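Letter by letter, the chains look like this.
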There are 4 protein chains.
Amino acid sequence: MDSYVGTGDEWTVAGRKFASRLVVGTGKYKDLPTTAAAIEASGAEMVTVAVRRVNLSDRNAPMLQDYVSPQRYTYLPNTAGCFTADEAVRTLRLAREAGGWNLVKLEVLGPAPTLYPDMPATFEAAKALIKDGFEVMVYCSDDPIAAKRLEEMGCVAIMPLGAPIGSGLGVQNPLMIQMIIEQAKVPVLVDAGVGTAYDATFAMELGCDAVLVNSAIAMANDPVLMARAMKAGVEAGRLAFRAGRIPRRGFASASSPMTGLIG
Amino acid sequence: MDSYVGTGDEWTVAGRKFASRLVVGTGKYKDLPTTAAAIEASGAEMVTVAVRRVNLSDRNAPMLQDYVSPQRYTYLPNTAGCFTADEAVRTLRLAREAGGWNLVKLEVLGPAPTLYPDMPATFEAAKALIKDGFEVMVYCSDDPIAAKRLEEMGCVAIMPLGAPIGSGLGVQNPLMIQMIIEQAKVPVLVDAGVGTAYDATFAMELGCDAVLVNSAIAMANDPVLMARAMKAGVEAGRLAFRAGRIPRRGFASASSPMTGLIG
Amino acid sequence: MDSYVGTGDEWTVAGRKFASRLVVGTGKYKDLPTTAAAIEASGAEMVTVAVRRVNLSDRNAPMLQDYVSPQRYTYLPNTAGCFTADEAVRTLRLAREAGGWNLVKLEVLGPAPTLYPDMPATFEAAKALIKDGFEVMVYCSDDPIAAKRLEEMGCVAIMPLGAPIGSGLGVQNPLMIQMIIEQAKVPVLVDAGVGTAYDATFAMELGCDAVLVNSAIAMANDPVLMARAMKAGVEAGRLAFRAGRIPRRGFASASSPMTGLIG
Amino acid sequence: MDSYVGTGDEWTVAGRKFASRLVVGTGKYKDLPTTAAAIEASGAEMVTVAVRRVNLSDRNAPMLQDYVSPQRYTYLPNTAGCFTADEAVRTLRLAREAGGWNLVKLEVLGPAPTLYPDMPATFEAAKALIKDGFEVMVYCSDDPIAAKRLEEMGCVAIMPLGAPIGSGLGVQNPLMIQMIIEQAKVPVLVDAGVGTAYDATFAMELGCDAVLVNSAIAMANDPVLMARAMKAGVEAGRLAFRAGRIPRRGFASASSPMTGLIG
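For clarity, every value in this text was computed on a predicted model and none was experimentally measured.

*Asks:* A description of the overall build of chain A should follow, citing residues and the corresponding values.
*Replies:* Summing up its helical and strand segments, chain A has ten helices and ten strands in all. Scaling as 2.2 N^0.38, a compact globule of 263 residues should have a C-alpha radius of gyration of about 18 Å, and chain A matches this with 18 Å. Projected onto its principal axes, the C-alpha positions of chain A cover 70 × 40 × 35 Å. Counting only residues that meet the buried cut, chain A has 67% of its 263 residues in that class. Sequence-distant contacts in chain A: of pairs separated by 6 or more residues, those separated by 24 or more amount to 64%. Accessible surface, chain A: about 9,100 Å² in total, of which carbon and sulfur atoms supply 50%. Computed over 25 positive and 27 negative side-chain charges, the inter-centroid distance for chain A is 2 Å.

What follows is the structure, given as structure tokens:
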């Protein structure tokens, strides 16, 4: 269906294969038709669903499922809006009962404005959910030790933040993201902070398996156009990572501190 | 032929329309078949040809035209290897006689290692070429005053360097590239310095009309894969520019110097 | 004693006042005379001492105290080389018995090459040490939630990493360092990662109370000269922070994405 | 008079020695007493004077000389406000007649908002001034070819912009500044664009001989405090440059693109 992907470069999480390396959110759009159009344009195969915020069951109101087909897209219920481990665990149990979803995205956030992941609560919730049979993709800080432990506990994907949720700042600490990628045996997805297409391209060139984008598409001036931009940006980054870029070369003499100074 | 372009977002130089915003070089490849395959993969419609270096006339040796069809691609003869205005003018006159090419890329370079554009010589050559009826796309420094004067002289496109030729460093001074773009009424192409896909995405998000890439494709580990990456990267940047990105937002209090400090 | 500091701009940790905002390490120098000379040049009043690595008690070998007077400098014993909470706690108890040091720097590290702080072990050790009556300055990740909790537990200073130990990369995530500074009521010191003087200046301009430097001085070509550079750099950053910098101003029109793109 | 400089690390321009590597402007302050206090605090020995804007001769109004002694400070008349070569040459001739100043700073600017140096006009004015016996320190773009030619024409110092005048953005293209420094046999001063202390520290670590600062001091919330910050920042950068910094080290495996990606 796409000329860039689906040609032996799929990635796999919890035994499921995906050609698209762009995972998108379903919230923050002005209405459901726009949500549907942007997701279609993004080429995404997996979408996150904030089960506490999205109408999944009230047949008298517009339902997400009517616009974004659960048959076509892998729904990834998340715990957006949960600030404790308990809330997160309860939310996902209810979601499983309602929709049968076993593959989930766990996020337990600290207070605004950073909404930085609360790591102890995240560990606690991950432990409970894994024990409960969930396949847990986990939003986390860019702490490489924490990332490794979440993997060892049984999380099926590690999702370090690039930058605070909604900030649009792009990957703030590429060194740590790379450390996490290098040591991981499960997929690593950069989550949060992508603001525009080149942030997604950059994240993919670091070597991650996929990128999750929500606000940057939903709140762009033209969400559908930005969805296409993100699709292309993710593909560009993945292809460049695989292609092997030329080295960066400065020209000053060896004795100068240029290598250290050039951004 | 492509789902992203050809949909009303063409750019025009010297009266010719192009859907692809990626211009690629034809040199530095290991052989002509690879050249052809990478150019095909890049989706480019315009290719630069170093007329002093490429075999365009010796029928006993492999000729570029046999691999990269002048019927299919717009050949843009350039003056690579010319270090004076005279050389550059003579080179393009010979090229016009041989191949009829009137739309050309002028570059007059200073010495290695920077190969920085020699601006006085560039002005001199541009003047002579325009007088001679050429349509001149001109490689130049990121000096906004010089860029404006080259346009006023009659150059049909302005091509400021992103970074030194072959450096792969990406756009070093986005502020000046943006100043050039803002004031230009002719197309602006970022030329030189692109090292990988996100550099191309970034350049396009600055608002330029197109990007020229040579070494970053030709010398990548896998040139064909990198050509596809650049194609996608350029499209991503263009789409994101059109889509209108979300603002970047820090979270520190207004009194802090964060805005100034965050890279 | 110094024209820049000591003029009402002291900082206070655990009830002790310091005029110098540069804390330096005592290890990694080629010999003790160089250690002494560099520390003297740095203007530091507080020095970290890796109690497991430095000779503090064998009178038959050169002792740190003979070169860096504990009467003149506040010794800050640290737990370098400790990879578990238990080791860290035991090390500092022994140090207190030996030298009476109550103000300490806790660091519990994960494995090389990052030596990233092991946050759960750090919390565990901090809890035990505080219960034991220690005044704990704590090396930690740039996680603002963790930083706040360490403060709430009773740590007397928060010391987030700028970049991995010994990397010389400077502050990698200024946004998170600023978040930590904004919310802290105890001193915040940027610890680890400073590579050269402008990294120290930059860290201070973020608003932190002090900077800790070790490798960047001890392993510079000329440690004494670099110690003077760091002294000046820290003072420069502090003064600039207090002086209130001019805003950064781009020049492109409001509709362009420049603000977001310029580093 | 200062513990950092005056110890064999002077720089020389047109045969005159200076210990301070910070050159400051005399304009943009709220009043002359503040001008004097900030210059005193900056430790500068050379000050630029916009001869078209500053009162140097009307004895009925406050005169710069009464606050900033020409006996103590080397006055460097500049051509601020000149937009053509003619104006610049005439301005400096008048200044020489009035005050005997032979060492001058030439700047011929293009239009606001960038006030980017007009390089052809700069060359023309430099030629006339040198012929006329002036010792010309020249503000210019970061074009290494132009810089070399200005030196070859006889300019006594090269002063490339770090960023547009008044932008406070810091050095935008350190690579080109380094190229200019590497090839120059006369002093190189980074001029324009410094916004805060760490920009000055950074510029000095690139290896330039001195830094010129005006707006960043004059328009800071507290100009005197910022003058002290700049003094310390310039010294820090110079000392660090001489000391030889540790290399920057990432930790990812050799096959990864980290070196290229880390800013």
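After that view, the rundown keeps rolling.
*Asks:* Any chance you could break down the UniProt feature "binding site: 1-deoxy-D-xylulose 5-phosphate" (unreviewed entry) in chain A for me, citing the residues and the numbers?
*Replies:* Residues and elements named next belong to chain A. Here the UniProt feature "binding site: 1-deoxy-D-xylulose 5-phosphate" (unreviewed entry) sits at Gly166, Ala192, Gly193, Asn214 and Ser215. A stretch of 50 residues holds the annotated residues, and the largest C-alpha distance among them is 9.2 Å, short enough that they meet in one place. Tracing the chain through its elements places alanine 192 in the loop between β9 (189-191) and α7 (197-205). Its relative accessible area of 9% is what places alanine 192 among the buried residues.

*Asks:* So, the packing of aromatic side chains: which residues are in play, and what are the values?
*Replies:* Summed over all chains, the structure comprises twelve aromatic pairs over all chains. On the basis of an interplanar angle of 15 degrees and a centroid distance of 5.7 Å, the ring pair of Tyr75(A) and Trp101(A) is categorised as stacked. One end of the pair, Tyr75(A), is in strand β5 (residues 74-78); the other, Trp101(A), is in the loop between α3 (85-99) and β6 (103-106), and 26 residues separate them in sequence. Judged by its relative accessible area of 17%, Trp101(A) falls in the buried class. Centroid distance Trp11(C) to Phe18(C): 5.5 Å. Interplanar angle 35 degrees. Geometry classified as tilted. Above the face of the Tyr139(A) ring, Lys105(A) is positioned so that its terminal group lies 5.2 Å from the ring centre.

*Asks:* Describe in detail the pattern of salt bridges, supporting the description with residues and values.
*Replies:* Residue and element names in this part refer to chain C. Summed over the entire model, instances satisfying the criterion amount to 52 salt bridges over all chains. Aspartate 9 is the salt-bridge partner of arginine 238, the closest N and O atoms lying 2.8 Å from each other. A residue pair is termed long-range when its members are at least 10 positions apart, and arginine 238 in helix α9 (residues 223-243) and aspartate 9 in the segment before β1 (11-13) qualify at 229 residues. Classification of aspartate 9 by relative accessible area gives buried; the value is 10%.

*Asks:* I'd like a rundown of the confidence of the model for chain A, residues and numbers included.
*Replies:* Residues and elements named next belong to chain A. Averaged over chain A, the pLDDT score is 90; the fraction of residues at 70 or greater is 92%. Segment residues 1-6 is flagged for pLDDT under 50; beyond a separation of four residues in sequence, or across chains, it makes 15 contacts in the model. Overall, residues 252-263 carries pLDDT values under 50, and its contacts beyond four positions in sequence, including any with other chains, amount to 31 contacts. Taken together, the chains of this predicted complex give a pTM of 0.92 and an interface ipTM of 0.92.

*Asks:* Quick rundown of the packing of helix α4 (residues 119-131) of chain C against helix α5 (residues 144-153) of chain C? Include the residues and the values.
*Replies:* Residues and elements named next belong to chain C. Direction vectors running N to C along α4 and α5 enclose 10 degrees, while the axes themselves pass 10 Å from each other. Between α4 and α5, the crossing angle belongs to the class labelled roughly parallel. With respect to the hand of their crossing, α4 and α5 are arranged in right-handed fashion. Between α4 and α5, the residues in contact are Met119, Phe123, Ala126, Lys127 and Ile130 and Ala146, Arg149, Leu150 and Met153, respectively. When grouped by side-chain class, the residues that make up the contact of α4 with α5 number seven nonpolar, no polar and two charged.

*Asks:* Quick one: what's the story with the UniProt feature "active site" (unreviewed entry) in chain A, residue by residue and with numbers?
*Replies:* Residues and elements named next belong to chain A. The UniProt entry lists Lys105 under the feature "active site" (unreviewed entry), expressed in the numbering used here. Within the element layout of this structure, lysine 105 appears in strand β6. For lysine 105, a relative accessible area of 4% corresponds to the buried category. Apart from the residues within four sequence positions on either side, lysine 105 is in contact with Thr48, Leu76, Pro77, Asn78, Thr79, Leu92, Met137, Tyr139, Met159, Asp191 and Leu212.

*Asks:* Help me get a handle on α4(C), residues and values and all.
*Replies:* Since the α-helix turns once every 3.6 residues, residues separated by three or four places project in the same direction. All names here are of chain C. Compared with the 18 Å implied by 1.5 Å per residue over 13 residues, the 18 Å span of α4 between its first and last C-alpha is a close match. All buried positions along α4 are accounted for by Met119, Ala121, Thr122, Phe123, Ala125, Ala126 and Leu129. Of the surrounding secondary structure, the elements contacted by the buried residues of α4 are α3 (85-99), β6 (103-106), β7 (135-140) and α5. Between the side-chain oxygen of the N-cap and the backbone nitrogen of alanine 121 there are 3.3 Å, and the N-cap of α4 in question is aspartate 118. Phi for glycine 133, located one or two positions after α4, is positive at around 90 degrees.

*Asks:* Provide a residue-level description of the relation of the copies chain C and chain D, including the pertinent values.
*Replies:* By a simple turn and slide, chain C fits onto chain D: the slide is 0.0 Å along the axis, the RMSD is 0.0 Å, and the turn is 180 degrees. Considering both components of the superposition, the chain copies are consistent with a two-fold axis. A share of 100% of interface residues in chain C that are also interface residues in chain D marks the association as one of identical surfaces.

*Asks:* Outline the side chain of Thr79(A), supporting the account with residue identities and numerical values.
*Replies:* All names here are of chain A. When you line up the elements, threonine 79 lands in the loop between β5 and α3. Taking relative accessible area as the criterion, threonine 79 reaches 0% and is therefore assigned buried. Filtering out sequence-adjacent residues up to four positions away, threonine 79 remains in contact with Ala88, Leu92, Lys105, Leu106, Glu107 and Val108.

The rules behind the values
Residues numbered from 1 in each chain as written. Chains lettered and ligands numbered in written order. Predicted model: local features only at pLDDT ≥ 70, side-chain atom pairs only at ≥ 80, totals over all residues. Heavy atoms only, no water. Helix = DSSP H or I, 4+ residues; strand = E, 2+ residues; numbered from the N terminus. Rg over C-alpha atoms; globule rule 2.2 N^0.38 Å. Buried < 20%, exposed > 50% of the residue type's maximum accessible area, 1.4 Å probe, protein only. Contact = heavy atoms within 4.5 Å. Areas by Shrake-Rupley, 256 points an atom, 1.4 Å probe, with all protein chains shown as cover. Lys, Arg positive; Asp, Glu negative; His and termini not counted. Charge placed at Lys NZ, Arg CZ, Asp CG, Glu CD. UniProt positions renumbered as here; feature names shortened; annotations may be inferred. Phe/Tyr/Trp six-rings, centres within 6.5 Å; stacked < 30°, edge-to-face > 60°. Lys NZ or Arg CZ within 6 Å of the ring centre and 35° of its normal. Salt bridge = Lys/Arg side-chain N within 4 Å of Asp/Glu carboxyl O. pLDDT = per-residue confidence, 0-100. Axes fitted to C-alpha atoms, helices over the stretch in contact; angles between N-to-C directions. Parallel < 35°, antiparallel > 145°, perpendicular 65-115°, else oblique. Left-handed = near helix turned anticlockwise from the far one by under 90°. Nonpolar A, V, L, I, M, F, W, Y, C, P; charged D, E, K, R; others polar. Expected span 1.5 Å × (residues − 1). Polar contact = N/O pair within 3.5 Å; in protein donor to acceptor, adjacent residues only side chain to side chain. Least-squares fit on C-alpha atoms with pLDDT ≥ 70 in both.

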